[in-house]
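# Coordinate inspection notes
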Amino acid sequence: MMLQRKNRLRALSLGALAVSGALALTACGSDDTGKQAGGGSSSAASAGSIKCDGAKGQLLADGSSAQKNAIDAWVKNFSQACGVQINYKGAGSGAGVTSFNQGQLAFAGSDSALKPEEVAASKKICKGGQGIDLPMVGGPIAIGYNVPGVKDLVLDAPTLAKIFDSKIAKWNDAAIKKLNPSAKLPDLKIQAFHRSEDSGTTDNFTKYLMSTTPDNWKYSGGKAWQAKGGQAAAGSAGVAQGVKQNQGAIGYFELSYAKDIDTVALNTGAKSPVKPSTDSATADIAAAKVVGTGKDLALQLDYKTKAEGAYPITLVTYEIVCDKGNKADTLPATKAFLSYIASEDGQKVLGENDYAPIPDEIITKVRSTIDGLS
């Protein structure tokens, strides 16, 4: 019933998006165009409770493509309520952080917390303050695959590492057979897709491999893809499209981009393999620790979890904003929008779009920090 309800909500939202698209989101460059953002009846109803608090004009933002489907749904509701135009390009976390630190954006989205050198650079833009990380969107990084006749594929960290490092080349490899004894695995070449641009999704996916199977993933990690071989594609939507269109393909992207794509169940050491879902991601995020200092709320995720029902390849997308020194002309709209997406109504939108809400203990701190932005 829940799946049917989600499908109805998505279907209803398509018409609403077509009508409100010009107001809600002006196209800006090459956006990720994966699954359309949802925002059915409950999202529309929540728009009436949005507090505009003097918001006006327009905001320019950029960054994480992982959260773009969520941002699109939020923008639709917020623009309808407040008349503020928000242009979110979704060109990737690296591009977002760079543009933010060049003073071009009201806020940026990133799937990775700011590095020390990025915080230092932000102080030139945030007069009297610095850039901070506000966790806002949670969700699993799904491993999507396209192997004819194989519907319930199970993989573990060592096997994934070898696949994405070009050490396993065929789908009927012995390591894959061992994990899937009853599957009819074909003698088919593996095409592993990865992101072509700097990406927080790449950063989180490779952190999982580095943490769980360091002997098989000997790279330093980061937003740039480092392994040899494979196929590169732009944005989460590009990777998902590559997997969907090519037999033998496998790739990583957020669950919201996995429409009509089979996803891997992970053997984490728990009793049963774990599939990516909003519930399994929330189970992992709930164990995250706040490691940021001051007003920064950067989180440390547990990639090694063996808890039942917890999916370990999970990311949290941060909205990056100045704690002090935000531009006076965009501050009211920035605070109002961030306050909305961190609100109970705003977080409910995430579940409708295959994302995981941020746990209460963390999002409460986020709301308090937004209130104090200046």
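Chains are numbered independently. Their residues run from 1 in the order of the written sequence. The predicted nature of this model means local features are confined to residues of pLDDT at least 70 and side-chain atom pairs, given and counted, to a pLDDT of 80 or more, with totals for whole chains, interfaces and linings taken over all residues. Values shown for side chains rest on all heavy atoms present in the structure; no hydrogens or waters enter the calculation.

## So, the pattern of salt bridges
Any carboxyl oxygen of Asp or Glu within 4 Å of a side-chain nitrogen of Lys or Arg constitutes a salt bridge here. Scanning the entire structure with this criterion turns up nine salt bridges. In this structure, the salt-bridge partner of Lys-68 is Asp-72, at a minimum N-O distance of 3.1 Å. Within this pair, Lys-68 and its partner Asp-72 are both found in helix H3 (residues 68-82), separated by four residues, close to a single helical turn. Residue Lys-68 is classed as buried on the basis of its relative accessible area, which comes to 2%. Notably, a salt bridge pairs Lys-223 with Glu-118, separated by 3.8 Å at the nearest N-O pair. Remark: Glu-118 occurs in helix H5 (residues 116-122) and Lys-223 occurs in the loop between helix H8 (200-212) and strand S7 (231-233); sequence separation between them is 105 residues. A run of H or I in DSSP counts as a helix once it spans at least four residues, and a run of E counts as a strand once it spans at least two, with each numbered from the N terminus. Note on classification: 1.4 Å probe, protein chains only; a residue is buried when its accessible area is under 20% of the maximum for its type, exposed when over 50%, partly exposed between these limits.

## Let's talk about the side chain of Asp-165
If you trace the backbone, Asp-165 turns up in the loop between helix H6 (157-164) and helix H7 (174-179). For Asp-165, the contacting residues outside a window of four places in its chain are Asn-216, Trp-217, Tyr-219, Ala-227 and Lys-228. Contacts between residues were defined by any pair of non-hydrogen atoms, one from each residue, lying within 4.5 Å.

## What to know about the packing of aromatic side chains
Stacked, edge-to-face and tilted labels apply to pairs of Phe, Tyr and Trp rings (six-membered ring for Trp) whose centres lie within 6.5 Å, assigned for plane angles under 30 degrees, over 60, and everything in between, in that order. Tallying each qualifying case throughout the model produces ten aromatic pairs. Between the aromatic rings of Phe-78 and Phe-337, the centroid separation amounts to 5.3 Å while the plane-to-plane angle is 75 degrees, which identifies the pairing as edge-to-face. With Phe-78 in helix H3 and Phe-337 in helix H11 (residues 331-342), this residue pair connects regions lying 259 residues apart in the sequence. Like Phe-78, the residue Phe-337 is buried in the burial classification. Centre to centre, the rings of Phe-107 and Phe-337 are 5.8 Å apart; their planes meet at 25 degrees, and the pair counts as stacked. Here Phe-337 lies in helix H11 and Phe-107 lies in strand S3 (residues 107-110), a separation of 230 residues in the sequence. One exposure class covers both Phe-107 and Phe-337, and it is buried.

## So, helix H13 (residues 360-371)
Taking 1.5 Å per residue, twelve residues should reach 16 Å; H13 reaches 17 Å between its end C-alpha atoms and fits that length. Along H13, the residues classified as buried are Ile-362, Ile-363, Val-366, Thr-369 and Ile-370. One side of H13 carries all its buried residues, which in axial view fall inside an arc of 115 degrees. Seen from the buried face of H13, the exposed residues on the opposite side, beyond 90 degrees, are Asp-360, Glu-361, Ser-368 and Asp-371. Packing partners of the buried residues in H13 comprise strand S4 (131-145), strand S12 (299-300), H11 and helix H12 (344-352). The length a helix should cover is 1.5 Å for every residue beyond the first. The directions considered for the arc are those from the helix axis to the C-beta atoms.

## Observations concerning the pairing of strand S6 (residues 191-195)
Burial analysis of S6 places four of its five residues in the buried class, which makes it a mostly covered element. Strands pair, by our definition, only if DSSP identifies at least two bridges between them. The pairing of S6 with strand S8 (residues 249-254) spans three bridges and is parallel. The partner of Gln-191 across the bridge, within S8, is Ala-249. In the sheet, S6 pairs with S7 via three bridges, with the strands oriented parallel. When the bridges of S7 are listed, His-194 appears paired with Ala-232. The handedness of a crossover follows from its direction of travel: if, with the strands pointing away from the viewer, the path from the first strand over the helix to the second runs clockwise, the crossover is right-handed. Note on the crossover from S6 through H8 to S7: the handedness is right-handed.

## Examining unusual backbone geometry
The backbone of Asp-260 shows a phi angle near 60 degrees, a positive value even though the residue is not glycine. Here Asp-260 is to be found in the loop between S8 and strand S9 (262-263). Residue classification places Asp-260 among the exposed residues on the basis of a relative accessible area of 64%. The backbone of Asp-354 sits at a positive phi, close to 65 degrees, despite the residue not being glycine. Here Asp-354 is to be found in the loop between H12 and H13. Exposure remark for Asp-354: the relative accessible area of 12% places this residue in the buried category.

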